[in-house]
Amino acid sequence: METRTTVYSRRTRIRILAFAAALIVLLAVLALRFQAEAAAYKRTIDNAVKEAIQNTADHIDSIAVQLDKGRYTASDAQLVTMAAGVWKDAAAGKTALMEIPVEEIRLDATYKFLSQVGDYAMALSRKVLRTETISAEERENLILLADYADRLAGKFDEIEQALASGRLRVDDLKRTDPIVLNDGADPLPQLADGFQEAEEGFEGYPTLIYDGPFSDHIMQTQPRMTEDAPEITLEEAEEIAAGFLGGHPALRVLGEEQSSLPAYRFASGERTLAVTRQGGYVSYLIDSRTVKEAVIPVEEARGIAADFLAARGLEGMRESYYETRNGVVIVNFAATQDGVVLYPDLVKVGVALDDGDIVSFDARGYLVNHHTRELPVELLGEEQAAGYLKETLAVEGVRLAVIPTAGRHERLCYEFHCRSEAGEDRTGVQNLLVYVNAETGYEEEILLLVYSEDGVLTL
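Quantities reported herein were computed from a predicted structural model and do not represent experimental measurements. (Residues numbered from 1 in each chain as written. Predicted model: local features only at pLDDT ≥ 70, side-chain atom pairs only at ≥ 80, totals over all residues. Heavy atoms only, no water.)

### A few points about the overall build of the chain
How we decide: In this text, helices come from DSSP runs of H or I with a minimum length of four residues, and strands from runs of E with a minimum of two, each type numbered from the N-terminal end. Under the scheme applied here, a residue whose accessible area is under 20% of the maximum for its type counts as buried, over 50% as exposed, and between as partly exposed, the area being computed with a 1.4 Å probe on protein chains only. We call two residues in contact whenever any of their non-hydrogen atoms come within 4.5 Å of each other. Note on areas: Shrake-Rupley, 1.4 Å probe, and residue coverage restricted to the protein chains presented here.
Assigned secondary structure in the chain consists of nine helices and 13 strands. The 459 residues of the chain split such that 44% are buried. In the chain, the share of contacts with a sequence separation of at least 24, taken over all contacts with a separation of at least 6, comes to 60%. Carbon and sulfur atoms make up 51% of the accessible area of the chain, which totals about 23900 Å².

### Quick notes on the nonpolar core
Inclusion rule: Side-chain atoms within 4.5 Å are what join buried Ala, Val, Leu, Ile, Met, Phe, Trp, Tyr and Cys residues into a set we call a nonpolar core.
Counting residues in each nonpolar core, the largest one holds 54 residues, and the members touching the most others are L309, V349 and F361. Once residues within four sequence positions are removed from consideration, L309 is found in contact with L314, M317, F333, V347, V349 and F361. The next biggest cluster of nonpolar side chains, apart from the first, holds 33 residues, and it includes I100, F113, V128 and A149.

### A closer look at the pairing of strand 10 (residues 410-420)
Stated formally: Here, any two strands with at least 2 DSSP bridges between them count as paired.
When strand 9 (residues 393-404) meets strand 10, the two strands line up antiparallel, connected through eleven bridges. Bridging from a neighbouring strand, V395 pairs with C418 of strand 10.

### Describing the environment of G350
Mapped onto the secondary structure, G350 falls in strand 7 (residues 340-352). For G350, a relative accessible area of 0% translates into the label buried. Along the primary structure G350 and V331 are separated by 19 residues, whereas in three dimensions their C-alpha atoms are 6.3 Å apart. Excluding residues that lie within four positions of it along the chain, G350 makes contacts with V328, V329, I330, D357, I358, V359 and S360.

### Quick word on the pattern of salt bridges
So the rule is basically this: Think of a salt bridge as a Lys or Arg side-chain nitrogen and an Asp or Glu carboxyl oxygen that are within 4 Å of each other.
Considering all chains together, one arrives at 13 salt bridges under this definition. Between E257 and R265 there is a salt bridge, and its shortest N-O distance comes to 3.9 Å. With a closest N to O distance of 2.8 Å, R373 and E410 form a salt bridge. You can see R373 sitting in the loop between helix 8 (364-369) and helix 9 (382-386) and its partner E410 sitting in strand 10, a full 37 residues away along the chain. One salt-bridge network, held together by shared partners, links E231, E256 and R277.

### Some thoughts on the confidence of the model for the chain
Inclusion rule: Residue-level confidence of the predictor is what pLDDT reports, using numbers from 0 through 100.
For the chain, per-residue confidence averages 76 on the pLDDT scale, and residues scoring 70 or more make up 75% of the total. The lowest-confidence element of the chain is helix 5 (residues 191-200), averaging 41 in pLDDT; the highest-confidence one is helix 7 (residues 298-311), averaging 92. Taken together, the stretch residues 176-213 has pLDDT below 50 and engages in 86 contacts with residues farther than four places along the chain or on a different chain.

### Section: the environment of Y148
Locating Y148 in the fold gives a position in helix 4 (residues 136-165). Note: C-alpha distance between Y148 and A64 (84 residues apart in sequence) is 8.1 Å.

### Observations regarding the packing of aromatic side chains
For any pair of aromatic rings, geometry is given as the distance between the ring centres together with the angle between the planes. To keep things clear, this is the line we draw: Ring pairs shown here join Phe, Tyr and Trp side chains whose ring centres sit within 6.5 Å, with only the six-membered ring taken for Trp; geometry is labelled stacked below 30 degrees between planes, edge-to-face above 60, and tilted in between. Charges are assigned to positions over rings by a cutoff of 6 Å between ring centre and Lys NZ or Arg CZ, combined with an angular limit of 35 degrees from the ring normal.
Using the criterion set out here, one finds five aromatic pairs in the structure. Between F308 and F361, the ring centres sit 5.9 Å apart and the planes meet at 70°, which makes this aromatic pair edge-to-face. With a gap of 53 residues between them, F308 in helix 7 and F361 in strand 8 (residues 358-362) connect regions that are remote in the sequence. Accessibility assignment for this pair places F308 and F361 in one class, buried. These aromatic residues form a ring-pair network of at least three members: F244, F308 and F361. Sitting over the ring of F244, R312 keeps its end group 5.1 Å from the ring centre.

### Considerations on the pairing of strand 6 (residues 328-337)
Buried residues dominate strand 6, accounting for eight of its ten residues. As defined by bridge partners, strand 6 adjoins strand 7 across ten bridges and the pair is classed as antiparallel. In the strand pairing of strand 7, A335 is matched with L342.

### Here's the deal with unusual backbone geometry
Excluding glycine, residues mostly have negative phi values, and the peptide bonds linking residues are mostly trans. At D338, a residue that is not glycine, the phi angle is positive and equals roughly 55°. Relative to the elements of secondary structure, D338 occurs in the loop between strand 6 and strand 7.

Following this line, the structure appears as structure tokens:
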């Protein structure tokens, strides 16, 4: 009996140890799970803060651009359109600002600015609608507001970039003492003070994001080039894809894309491209390879892009604007008709600066919009159209262009490349494009041009 009791006792101890070990393992697993969930929750909060700051910066940046354009318009009616844009961005900016979940940062002044700039813009809009004239003082106020918005957006942009690079942590936003960046650079001040500095003259300008003039409109209509085109087979599409890539590379079928431009999708190495089911047009190509150090001049790359289009039957395309991103030159081309630039018919080509390869091609805007226009023939003369420009602008060049409108229509305009008089712009001479309706003289649109080492940017 004693021996049996000893055996039972030993078994009991073993079971207890086994249960204890299992419990320890279970607790460890649960701890790891809770830790992972906590980390995931923290990432969610951090991302929410970053997104809120980015959205606020974007809306303030947009307000600055709209107000900047206001100084160059000679049309009070165009000012109404710009005022509506400012009011919309101000409202969205306030919403984004309230989503920054950091109570310790007081952003009352920024919120007040967004409220006032929106209200002021709409007050001017209502004045125009009452057929009253905008005074010189009121226009000067718009310039001052644009200057303030620039500096405020710059402060948000500084914080956004510091968060994105890891120099600043979201947890740092809750601190009341000066923030020392991880790279040992000069510390950021307490953020509440930092935003106050923006009001008092902080110098900075937000990051420019470029996608070509009018490109926001290019995918807003039903595709014209494919709607009546015959449907092709998968085998025919594969042959077209291989020819577009040059030679007959091995292709993998990725399936079909269901979009406004239904297409067959293929892959070859790191390249992916789509061929439309109707008409058999290559709608886009993306090469995801890493681009190495740039050795090819930008001017040469722009020529490579133009030659690439011509070799694939896209002739008569006119280069408009370009930008360099991560070692790739993205060149925008627009179709032409009888010398008139058709901005809705847009093709974008990306050329790698390490070896000159085509790493991106986007013809969706062209496929959606391209057709032969019935252009009006009774037009204002160039000099007559130029008379509708603000008197302080000097015309550098002019050409006819078709541009899209917000209502998904098109307008034939004189595109005036202008320069402001020295001293009118707070940062010096400003280059801009003013689009004057070639039939009515109405000022349809203004785009600001920014020249940099990365390309020609439009706002």
